[in-house]
Amino acid sequence: MDVDLEKIRHNTRTLVDRLKARGIQVTAVTKAVCGHPAIAQAMRDGGAMGLAEARLSNVKRLRRAGILCPITLIRTPMLSQVDDVVQACEASYNTEASVIAALAAASRRRNTVHGIFLMVEMGDQREGIRAQDVGNMARRVEAMPGVALKGIGANFACLGGIAPKAAKMQALSRLASEVEQQSGTVLQTVSGGNSANLPWALGAQATHRINDLRLGEALMLGVDPITGAQIDGLYQDAFTLVAEVIETDVKPVRLCAGRADHPLARLRPARDPSETTRLLLAIGHQDTNAAGLKMPAGQTLIGATSDHLVIGTHDPTLGVGSEMRFNITYGALMRAMAAPDIQINPHKTRLGLTASDAHDRGKHPALV
Ligand SMILES: *Cc1c(COP(=O)(O)O)cnc(C)c1O
């Protein structure tokens, strides 16, 4: 995996500047890259206020690499991990009173104060407290030594796939003010959601109390997660998956009949099967989501198994030992970054170079 840190920094800087004009800060989410420290640092260099992670193991990786900025756990902590959570994270998103109480006890043992964000359920039907219960929960947090209420947040379009609209954002703003009245604390942060919120956040409507977004996909891949549309002025190719050709053959592509559940039964034959060169690449389902690889022009994905990718091509220059480069979707990125056999090569290209210059420079990447 080639990772162009300069493109990630640029994407972050661009969105940080655009959102700043709307009164919104960016918290960079590193879960898709398993908390890769150099990528997190590129996001920080681009102006992200802090980092957010879903998994404690990834937070620990960031800390081991010497990253000192505030890190928020955005998946509600496991009760079994509260001690490590208060040690590694400044704050966490929470939905369960028992977990918050355990976090408070753990912080008191360490003589610290852990920040609490209350996650509100506003329609995605994944995590969250019901809006009518948030005020009550806020009061309970306020009464607990060891924790401090930092803000509230909502999350959209993860499970449900529906983009948040202005009315939802206004309801969250109103809820923030109600919670302040009920609990008697000022909420520093009202976090509106993830990359799916960008069309709203950069649109014409007032942002009211929303002053934070937690962004991952948009910073890394420069796209709107719901529509897949490219975001103006952002790079879509900061990540490139490189795979090696291990066999080439001019074979007719035949569908195998008989077993509907066999992987080859899903073959999508190339347009002219009899003349297609078939390439075998040393990468498979164990390394990534094959359907999330964007095929370069002239190549067709024929199929994938756990360790192989089969591609049809009319390009005669692609011999054994040559490399094929793919742009990827979020699902393919996430899987590849967590796969043990994918070597991650972060590098910095000077922006403005042509693609082939960048490729040459990328041949001697620093390994991290
Ligand atoms: C993953 C996640 C995000 C970031 O989502 P992107 O679509 O990558 O921007 C934000 N908040 C929560 C709670 C998440 O789980």
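Scroll up to find the structure.
Residues numbered from 1 in each chain as written. Predicted model: local features only at pLDDT ≥ 70, side-chain atom pairs only at ≥ 80, totals over all residues. Heavy atoms only, no water.

Colleague: Would you mind showing me how to read the overall build of the protein chain here?
Modeller: In terms of regular secondary structure, the protein chain is built from 11 helices and 17 strands. Residues classed as buried in the protein chain amount to 50% of the 368 residues present. Across the protein chain, the fraction of contacts at a sequence separation of at least 24, relative to all contacts at a separation of at least 6, is 65%. Accessible surface computed for the protein chain: about 17,200 Å², of which carbon and sulfur atoms make up 50%. (Helix = DSSP H or I, 4+ residues; strand = E, 2+ residues; numbered from the N terminus. Buried < 20%, exposed > 50% of the residue type's maximum accessible area, 1.4 Å probe, protein only. Contact = heavy atoms within 4.5 Å. Areas by Shrake-Rupley, 256 points an atom, 1.4 Å probe, with all protein chains shown as cover.)

Colleague: What is the right way to look at the site of the ligand in this model?
Modeller: By nearness alone, 14 residues border the ligand, and Lys31, Ser195, Arg214, Gly216 and Glu217 come closest of all. At 3.0 Å from an oxygen atom of the ligand is found a side-chain nitrogen or oxygen belonging to Arg126. In isolation the ligand has 390 Å² of accessible area, and contact with the protein removes 94% of it. When its residues are assigned to classes, the shell around the ligand shows five nonpolar, four polar and five charged. (Near = heavy atom within 4 Å. Polar contact = N/O pair within 3.5 Å; in protein donor to acceptor, adjacent residues only side chain to side chain. Nonpolar A, V, L, I, M, F, W, Y, C, P; charged D, E, K, R; others polar.)

Colleague: Would you take a moment to explain unusual backbone geometry for this structure?
Modeller: Even without being a glycine, Gln125 presents a positive backbone phi close to 65 degrees. By the element assignment, Gln125 lies in the loop between strand S6 (114-121) and strand S7 (129-130). With phi around 50 degrees, His208 is a residue other than glycine that occupies positive phi space. Here His208 shows up in the loop between helix H8 (198-201) and strand S10 (212-215).

Colleague: What's the story with the side chain of Thr207 in this structure? I'm lost.
Modeller: Within the fold, Thr207 resides in the loop between H8 and S10. Look past the residues within four positions of Thr207 in its chain and what remains in contact with it is Arg22, Ile24, Ser173, Trp200 and Ala201.

Colleague: Can you help me understand the nonpolar core in this one?
Modeller: Generally speaking, nonpolar side chains in soluble globular proteins are found buried as a group. Within the largest apolar cluster, 99 residues are counted, with the highest numbers of intra-cluster contacts made by Met1, Leu118, Ile152, Phe239, Leu281 and Leu309. Both of domain 1 (2-221) and domain 2 (239-253 + 263-328) provide at least three residues apiece to this core. Counting eight residues, the second largest nonpolar core, distinct from the first, contains Val29, Ala52, Ala54 and Ile74. (Core = buried A, V, L, I, M, F, W, Y, C linked by side-chain atoms within 4.5 Å. Domains from an automatic or database assignment.)

Colleague: Whenever I open this one, the environment of Val250 confuses me. Can you help?
Modeller: If you trace the backbone, Val250 turns up in strand S11 (residues 239-250). For Val250, a relative accessible area of 55% gives the class exposed. Measuring from C-alpha to C-alpha, the distance between Val250 and Thr276 comes to 6.2 Å, with 26 residues separating the pair along the chain.

Colleague: Is there a simple way to explain the pattern of salt bridges in this structure?
Modeller: A side chain of one charge can pair with a side chain of the opposite charge when the charged atoms of the two come close. Summed over the entire model, instances satisfying the criterion amount to 11 salt bridges. Across the pair Asp17 and Arg13 runs a salt bridge whose closest N-O atoms are separated by 3.8 Å. On the criterion of helical spacing, the pair formed by Asp17 and Arg13 is a turn pair, its members being four residues apart in helix H1 (residues 5-20). Residue class for Asp17 comes out partly exposed when judged on its relative accessible area of 41%. Judged by its relative accessible area of 32%, Arg13 falls in the partly exposed class. (Salt bridge = Lys/Arg side-chain N within 4 Å of Asp/Glu carboxyl O.)

Colleague: What should I look at first to understand helix H5 (residues 97-110) in this one?
Modeller: Each turn of an α-helix holds 3.6 residues, which means side chains three or four residues apart point in the same direction. For H5, with 14 residues, the first-to-last C-alpha span of 20 Å sits near the 20 Å given by 1.5 Å per residue. Residues of H5 that are buried include every one of Ala97, Val99, Ile100, Ala102, Leu103, Ala104, Ala106 and Ser107, and no others. Buried residues belonging to H5 abut helix H4 (82-88), strand S5 (91-94), S6, helix H6 (131-142) and strand S8 (147-154). Looking one or two residues beyond H5, the residue adopting positive phi is Asn111, at roughly 65 degrees. (Expected span 1.5 Å × (residues − 1).)

Colleague: Can you help me understand the packing of aromatic side chains in this one?
Modeller: Each pair of aromatic rings is reported with the distance of its centres and the angle of its planes. Counted under the stated rule, the structure contains one aromatic pair. Centroid distance Tyr93 to Phe117: 4.8 Å. Interplanar angle 15 degrees. Geometry classified as stacked. Of this pair, Tyr93 sits in strand S5 while Phe117 sits in strand S6, placing them 24 residues apart in sequence. In this pair, the class of Tyr93 matches that of Phe117, namely buried. Above the face of the Tyr93 ring, Arg214 is positioned so that its terminal group lies 5.2 Å from the ring centre. (Phe/Tyr/Trp six-rings, centres within 6.5 Å; stacked < 30°, edge-to-face > 60°. Lys NZ or Arg CZ within 6 Å of the ring centre and 35° of its normal.)

Colleague: Would you mind showing me how to read the environment of Ala297 here?
Modeller: Checked against the element boundaries, Ala297 lands in the loop between strand S13 (293-294) and strand S14 (299-304). Under the relative-accessibility criterion, Ala297 is labelled exposed at 77%. Distance from Ala297 to Thr313, taken between C-alpha atoms, is 9.3 Å for residues 16 residues apart in sequence.

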